[in-house]
Amino acid sequence: MSVPSVASLRRCPTSPDSVPHFSGIRSCGGIDHMVHAMSLLEHMLRNLEMPRSRNERMPTRTWSTLVFSCGAVIYTLVLAALAARTSLWVDEVLQLLGTRDELTITGVLRWVMLNPGGVPLGYLTQRAFIQALGYSVLTARLPSILFTVLACLTVAVMCRQLGLRSGKIAAMLLATSPLVFRYGFEARPYGQALFLSIGTTVIFLWLQKRPNWRRLGVYTAAIAMGLYTQPFSVFTPIAHVVSMLFSRGASKRAVTASVSWTIRTISAVLLGALLFLPWILAAYPHWRTSIATSKYAFCLELSLVSVILREGCGSYIIASLLMVAAVTALRRRNMPRGATLLLIAMTLMPVAGALIADAVAGYFFAARQLLFMLPPLAILASEGISELYKMRTSWGTAMFIGILAASVHQDIRMVHKPREDWRAAAASIHRAIEPNGCVVTAPAEWAPLYEFFEPDLKVHRCGSALGSTETIVLAITPYTTGEDVRRALASIAQAGFENSVAEEAVGSTRLRTFHR
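Residues numbered from 1 in each chain as written. Predicted model: local features only at pLDDT ≥ 70, side-chain atom pairs only at ≥ 80, totals over all residues. Heavy atoms only, no water.

Caption draft 1: Focus on the overall build of the protein chain. Looking only at helices and strands, one finds 21 helices and five strands in the protein chain. Across the 516 residues that make up the protein chain, the buried fraction comes to 51%. Of the contacts made within the protein chain by residues no fewer than 6 positions apart, 74% connect residues no fewer than 24 positions apart. If you sum the accessible surface of the protein chain, you get close to 24100 Å²; carbon and sulfur atoms cover 62% of it. (Helix = DSSP H or I, 4+ residues; strand = E, 2+ residues; numbered from the N terminus. Buried < 20%, exposed > 50% of the residue type's maximum accessible area, 1.4 Å probe, protein only. Contact = heavy atoms within 4.5 Å. Areas by Shrake-Rupley, 256 points an atom, 1.4 Å probe, with all protein chains shown as cover.)

Okay, here's the thing in structure tokens:
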């Protein structure tokens, strides 16, 4: 997260010895520039994680903390800037239709139930921010920003609890991971769910260190909060249980303290799931109806491997580098066995659990469901980078640069991709129908997405009586099927509107204007 600025790279120090302290690069071009750039990043790795002599340890640790803190601030500002400037996409608008426009908590809960897999805690958090600060795109996305930053910082805490020294590197890898970065500035609950997933693991490790009933209660509450934010977060505590069982069978010096507390921990997971049962019973009929009407389907095919590697990790290159680094970490002889089992279980269980859950529910497999595998994978990769660095400095540096550069490259590509812009489309519709026109949305149930930005469009929906209407605007969403378009065109033709102005594309919405 703490990448040196372009300005710092252009400053030339008085001597090469100043490179470790980020005062700049002496050479200003050619091979010297590349050599000093590599040296800069090597020293950054060393300052972040590698041990120094006893006399140098405290200043280095202070410098490392300062650089890491500055990186966290910069990362937060980048997310905030993108949140304020980028347009909302369809799932964000659908969520905000409940959190901004519903007047009561009961209304919000009813709206959440209509979404397949929808759970209330993320919606209620967003609603609280909007009511406290007023609505804007930034305030709607503010919970995601805060929870994503907290999730990355909490990964460093988790590393320390596991007895690993690469916490800052793991936080940087997680922060720049394309999937985490994407949901870090979108008005969806995945940043909050990611934080709760990592936080649950931190509480689990805290519980294992000194088991007592109070900590067990906190652990149970964290599991329930995770379920009420994103149901697939339950695969993280399931991974905890799996690691405990295998740890006890593999070694007497396992993470768990006793058989009795192992059973109680498993009971805590079951109790957390039981607390989620009332919502399941209330919402599941709505979920089934929504899945059936939306024609969602689960398909078990080889393309799922591509989704896991390319979309879950960000790209095939990132996936390959992460796996090489993770395997390097697992080959370490001094890697704590309890930590190894826990991280492997936490990486694999969310993938297997998501596939099984989607197959049972008949829901399509989406990359966002893989979000919970990324923290343990980032930790394993960071440990692999540290191990490579010990073997040969250039290897660890190259691996760190490779993963970070590939991730940032994908982040930049994602930001510059064309986005849906429902606000711009709604404004264009509003201008086109004035002063005496109406709008037809294909299909009609998508009209609220435009009315969210232009409430006046509600009174300009084309009804059955079109005698006084001179203009009709047909809005074709990015998700409209050909059959929906044909039905809409047929109804417009029956009303006597035959001539269409050339089609206009605005924010991924296609607009056709018809006159009598």
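Read on, since the account is not over.
Caption draft 2: Structural detail: the packing of helix 5 (residues 105-113) against helix 13 (residues 259-294). With their axes 8 Å apart at the nearest point, helix 5 and helix 13 run at an angle of 55° to one another. Here helix 5 lies oblique to helix 13, going by the angle between them. Seen from helix 5, the contacting residues are Leu109, Val112 and Met113; seen from helix 13, they are Trp279, Ala282, Ala283, His286 and Trp287. For the contact of helix 5 with helix 13, a count of residues per class yields seven nonpolar, one polar and no charged. (Axes fitted to C-alpha atoms, helices over the stretch in contact; angles between N-to-C directions. Parallel < 35°, antiparallel > 145°, perpendicular 65-115°, else oblique. Nonpolar A, V, L, I, M, F, W, Y, C, P; charged D, E, K, R; others polar.)

Caption draft 3: Focus on helix 7 (residues 137-161). For helix 7, with 25 residues, the first-to-last C-alpha span of 37 Å sits near the 36 Å given by 1.5 Å per residue. At the exit of helix 7 stands Gly163, carrying a positive phi of roughly 80°. (Expected span 1.5 Å × (residues − 1).)

Caption draft 4: Molecular detail of the pattern of salt bridges. Summed over all chains, the structure comprises 14 salt bridges. Put simply, Arg182 and Glu186 hold a salt bridge, and the shortest N to O gap is 3.7 Å. Bridged by salt links that share partners, the residues Glu92, Arg141, Arg182, Glu186 and Arg419 form one connected network. (Salt bridge = Lys/Arg side-chain N within 4 Å of Asp/Glu carboxyl O.)

Caption draft 5: Fine view of the packing of aromatic side chains. Scanning the entire structure with this criterion turns up 13 aromatic pairs. Taking 5.9 Å as the distance between ring centres and 90° as the angle between the ring planes, the aromatic pair formed by Tyr135 and Phe452 counts as edge-to-face. Of the two residues, Tyr135 is situated in the loop between helix 6 (121-133) and helix 7 and Phe452 in the loop between helix 20 (447-451) and strand 2 (471-476); the sequence distance between them amounts to 317 residues. In this structure an aromatic cluster arises from ring pairing among Trp422, Trp446, Tyr450 and Tyr479. In this structure, Arg100 is placed above the aromatic ring of Phe452, and the distance from its NZ or CZ to the ring centre is 3.7 Å. (Phe/Tyr/Trp six-rings, centres within 6.5 Å; stacked < 30°, edge-to-face > 60°. Lys NZ or Arg CZ within 6 Å of the ring centre and 35° of its normal.)

Caption draft 6: Structural view of the packing of helix 15 (residues 316-330) against helix 17 (residues 374-391). The N-to-C vectors of helix 15 and helix 17 enclose an angle of 70°; their axes lie 7 Å apart at closest approach. Between helix 15 and helix 17, the interaxial angle falls into the category roughly perpendicular. For the pair helix 15 and helix 17, the contacting residues are Leu322, Ala325, Ala326, Thr328, Ala329 and Leu330 in the first and Leu377, Leu380, Ala381, Glu383, Gly384, Glu387 and Leu388 in the second. Among the residues making up the contact of helix 15 with helix 17, the classes are represented as nine nonpolar, two polar and two charged.

Caption draft 7: Layout of the pairing of strand 2. Along strand 2, six of the six residues are buried, which leaves the element largely enclosed by surrounding structure. The two faces of strand 2 match: Thr471, Val473 and Ala475 on one face and Ile472, Leu474 and Ile476 on the other face are all buried. In terms of strand pairing, strand 1 (residues 437-442) meets strand 2 through six bridges, oriented parallel. Note that in strand 2 the partner of Val440 across the bridge is Leu474. Summarising the sheet, strand 2 and strand 5 (residues 509-515) pair through six bridges and their orientation is antiparallel. (Pairing = 2+ DSSP bridges.)

Caption draft 8: Main features of unusual backbone geometry. Put simply, Ala442 and Pro443 share a cis peptide bond, and its omega is -5°. Positive phi is not limited to glycine here, since Ser508 has a value of about 75°. With respect to the helices and strands, the residue Ser508 is situated in the loop between strand 4 (504-506) and strand 5.

Caption draft 9: Structural context of the side chain of Ser315. With respect to the helices, strands and loops of the structure, Ser315 is situated in the loop between helix 14 (303-312) and helix 15. Engagement of the side chain of Ser315 in a polar contact is seen with the backbone nitrogen of Ile318, the distance being 3.2 Å. Ser315 has contacts with Leu309, Arg310 and Gln410, leaving out every residue within four places of it along the chain. (Polar contact = N/O pair within 3.5 Å; in protein donor to acceptor, adjacent residues only side chain to side chain.)

Caption draft 10: Molecular detail of the pairing of strand 5. Bridge count for strand 4 against strand 5 is three bridges, and the pairing is antiparallel. Among the inter-strand pairings, Glu504 is bridged to a residue of strand 5, identified as Leu511. Counted between consecutive antiparallel strands, the loop separating strand 4 from strand 5 contains two residues, among which Gly507 sits at a positive phi close to 55°.

Caption draft 11: Quick look at the environment of Leu79. Looking at where Leu79 falls in the secondary structure, it is placed in helix 3 (residues 54-85). Ignoring any residue separated from it by four or fewer positions in sequence, one finds Leu79 in contact with Ile145, Thr148, Val149, Phe181, Gly184 and Phe185.

Caption draft 12: Representation of the environment of Ile385 in the model. Mapped onto the elements of the fold, Ile385 is located in helix 17. When the C-alpha atoms of Ile385 and Ala325 are compared, they prove to be 6.0 Å apart, with 60 residues separating the residues in sequence.

Caption draft 13: Representation of the side chain of His430 within the structure. Looking at the element boundaries, His430 is found in helix 19 (residues 422-433). Residue contacts for His430: discarding those within four places in its chain leaves Glu454, Asp456 and Leu457.

Caption draft 14: Structural detail: the environment of Ser386. Within the fold, Ser386 resides in helix 17. When the C-alpha positions of Ser386 and Ala329 are compared, they lie 8.3 Å apart, and in sequence the two are 57 residues distant.

Caption draft 15: Region of interest: the confidence of the model for the protein chain. Looking at the protein chain, pLDDT values average 85 and 85% of them are 70 or higher. Mean pLDDT across the secondary structure elements of the protein chain bottoms out at helix 1 (residues 6-10), with 36, and peaks at helix 7, with 97. Of the regions scoring below 50 in pLDDT, residues 253-257 engages in 11 contacts with residues more than four places distant in sequence or in other chains. (pLDDT = per-residue confidence, 0-100.)

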